[in-house]
Amino acid sequence: GYPADLYLEGSDQHRGWFQLSLLPALGVTGVSPFRSVLTHGFMVDAEGRKMSKSTGNAIQVEDVLKQHGADVCRWWVSSLNYSNDIKVDWEFFQIAGEEYRKIRNTIRFLLGNLQDFDPSSDRYVLTEKDRYTVDAWAMGQLASLVASVGESYEKYQFKRVAEATFNFCNDAMSAVYLTAVKDRLYCDEKTGVRRRRTQSVIYDIASALIRIIAPIMVHTAEEAWLALKGLDMESNESVHLQYLPEKIVWEEAAEWADVMELRREVMKAFEDARERIDGLKNPLDAGVIARVPAEKMARIQPFSEELADLCSMSRFQLEEGMELSIEIQDLRNEPRCERSWKRDGTVRVRSDGSLLSDRDARVLGV
């Protein structure tokens, strides 16, 4: 239609095509030939010199695609502040490849834990009573990502999309959520409420994340989407026919700020204990007694059932104290569950001769 929604060109066209289109159109019709203009800089080498074959500093697109693949190259492009000239060096593609693999591995973990989950029959719908669970926190993080990405795509701010997506996978997912829910995914009852709740959240995260990366990691997103939907590569359904995820109406509990602050202190205390206590390496060999002031105790107490998994430890004891203090307990002298590796105080010999916690014995029926 006329006028065009967008004119897209290099910065050299500010006095070229843009002007050549604009001035005659205004003179003849009185209307601009475009609604918006988007310009980008040029590629230069690591020292800021113009790339050319004659100087021998040019990097050929074919060589980059052959070594790193199209999706890594597209991810690198998305991470750039394209309004300026762009420095290009092989090292930059190495970094882009590492970021790409973090996102790809996050999606692989999500998909790998949905093999026995059917969203049409197994879905658990989060309610107000779930607001103090780590699953509710993850949904809050996803809601923030979806809102941020949607706005950034509309404004062609692809760098913001890349940064928000990477931080979500690296920080919220890998460092916190996926580590916290591994135990329930692997060891809870297959159809247990807690496991199904986590799988439902993981499904929603995977569905949204795949659609978010689809405009950038086109091949990875397509493969992941078909895997999520249980379709083969010959299917006509494509992620590129889907819309970006709609705004998620879910707000995480405000008290999570206090919980995450406590988690950081516990993780720091455990690292100190690892250096101080000989042989203490695995956090499941440890327990924690956290004493918190009364004003924060009331805010953190509702999350008490999630704190052990959130810190990847076997036990978490919450007590009221005058000031914040963290005590790390060495539990290696206590029996360890042969199934979950936890030392939660309930591990004992079962009817089949195995050492199991109460939870794991119940799941196995021994």
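Residues numbered from 1 in each chain as written. Predicted model: local features only at pLDDT ≥ 70, side-chain atom pairs only at ≥ 80, totals over all residues. Heavy atoms only, no water.

**Q** How do you make sense of the pattern of salt bridges when you look at a structure like this?
**A** A pair can form between side chains of opposite charge whenever their charged atoms are brought close. The tally for this structure, following the rule as stated, stands at 32 salt bridges. For aspartate 258, the salt bridge goes to arginine 299, with nearest N and O atoms at 2.3 Å. One end of the pair, aspartate 258, is in helix 10 (residues 256-276); the other, arginine 299, is in helix 11 (residues 294-300), and 41 residues separate them in sequence. A relative accessible area of 11% places aspartate 258 in the buried class. Residue class for arginine 299 comes out partly exposed when judged on its relative accessible area of 34%. (Salt bridge = Lys/Arg side-chain N within 4 Å of Asp/Glu carboxyl O. Helix = DSSP H or I, 4+ residues; strand = E, 2+ residues; numbered from the N terminus. Buried < 20%, exposed > 50% of the residue type's maximum accessible area, 1.4 Å probe, protein only.)

**Q** Where do I start with the sheet that holds strand 5 (residues 286-292) in this structure?
**A** Backbone hydrogen bonds hold the strands of a sheet together, and the pairing may be parallel or antiparallel. Strands sit in the order 6-5-7 across an open sheet of 3 strands; the sheet is mixed. The strands lining the two open edges of the sheet, one partner per strand, are strand 6 (315-320) and strand 7 (325-330). Going across the sheet, the axis of each strand differs from the next one's by a mean of 15 degrees, ignoring polarity. As judged from the 6 bridges shared by strand 5 and strand 7, these two strands associate in the antiparallel manner. Among the inter-strand pairings, arginine 291 is bridged to a residue of strand 7, identified as serine 325. Each of strand 5, strand 6 and strand 7 is contacted by helix 10, which is oriented at about 45 degrees to strand 7, the strand it contacts most. (Pairing = 2+ DSSP bridges. Axes fitted to C-alpha atoms, helices over the stretch in contact; angles between N-to-C directions. Contact = heavy atoms within 4.5 Å.)

**Q** Help me understand the pairing of strand 1 (residues 7-10), please; the structure alone is not making it clear to me.
**A** Consecutive residues of a regular strand have side chains that alternate between opposite faces of the sheet. Examined bridge by bridge, strand 1 and strand 2 (residues 37-40) share 4 bridges and lie parallel to one another. In the sheet register, tyrosine 7 faces strand 2, and the bridge partner there is valine 37. You can see the chain leave strand 1, run along helix 1 (residues 17-28) and come back into strand 2, and the turn it takes is right-handed. (Right-handed = clockwise from strand over helix to strand, strands pointing away.)

**Q** Looking at this structure, I do not really get the packing of aromatic side chains. What am I missing?
**A** Ring pairs (aromatic) are described by centroid distance and by the angle formed between their planes. One pass over the structure, following the stated rule, counts 13 aromatic pairs. With 4.3 Å between their ring centres and 10 degrees between their planes, tyrosine 7 and tryptophan 17 make a pair best called stacked. Of this pair, tyrosine 7 sits in strand 1 while tryptophan 17 sits in helix 1; the two residues are 10 residues apart in sequence, bridging distant segments of the chain. Between the aromatic rings of tyrosine 82 and phenylalanine 158, the centroid separation amounts to 6.3 Å while the plane-to-plane angle is 40 degrees, which identifies the pairing as tilted. Placement of the pair is tyrosine 82 in the loop between helix 3 (70-78) and strand 4 (86-88) and phenylalanine 158 in helix 7 (residues 158-187), with a sequence separation of 76 residues. When its relative accessible area of 29% is taken as the criterion, phenylalanine 158 is described as partly exposed. Put simply, the rings of Tyr7, Trp17, Phe18 and Phe34 touch in pairs and so form one group of aromatic residues. (Phe/Tyr/Trp six-rings, centres within 6.5 Å; stacked < 30°, edge-to-face > 60°.)

**Q** What am I meant to see in the nonpolar core here?
**A** Nonpolar side chains in soluble globular proteins tend to end up buried together. If you look at the biggest cluster of nonpolar residues, it comprises 86 residues, and the most contacted ones within it are Tyr177 and Phe316. Here the element with the most residues in this core is helix 7; it accounts for 14 residues. Look past the residues within four positions of tyrosine 177 in its chain and what remains in contact with it is Val134, Asp135, Trp137, Ala138, Ala172, Thr198, Val201, Ile202 and Ile205. (Core = buried A, V, L, I, M, F, W, Y, C linked by side-chain atoms within 4.5 Å.)

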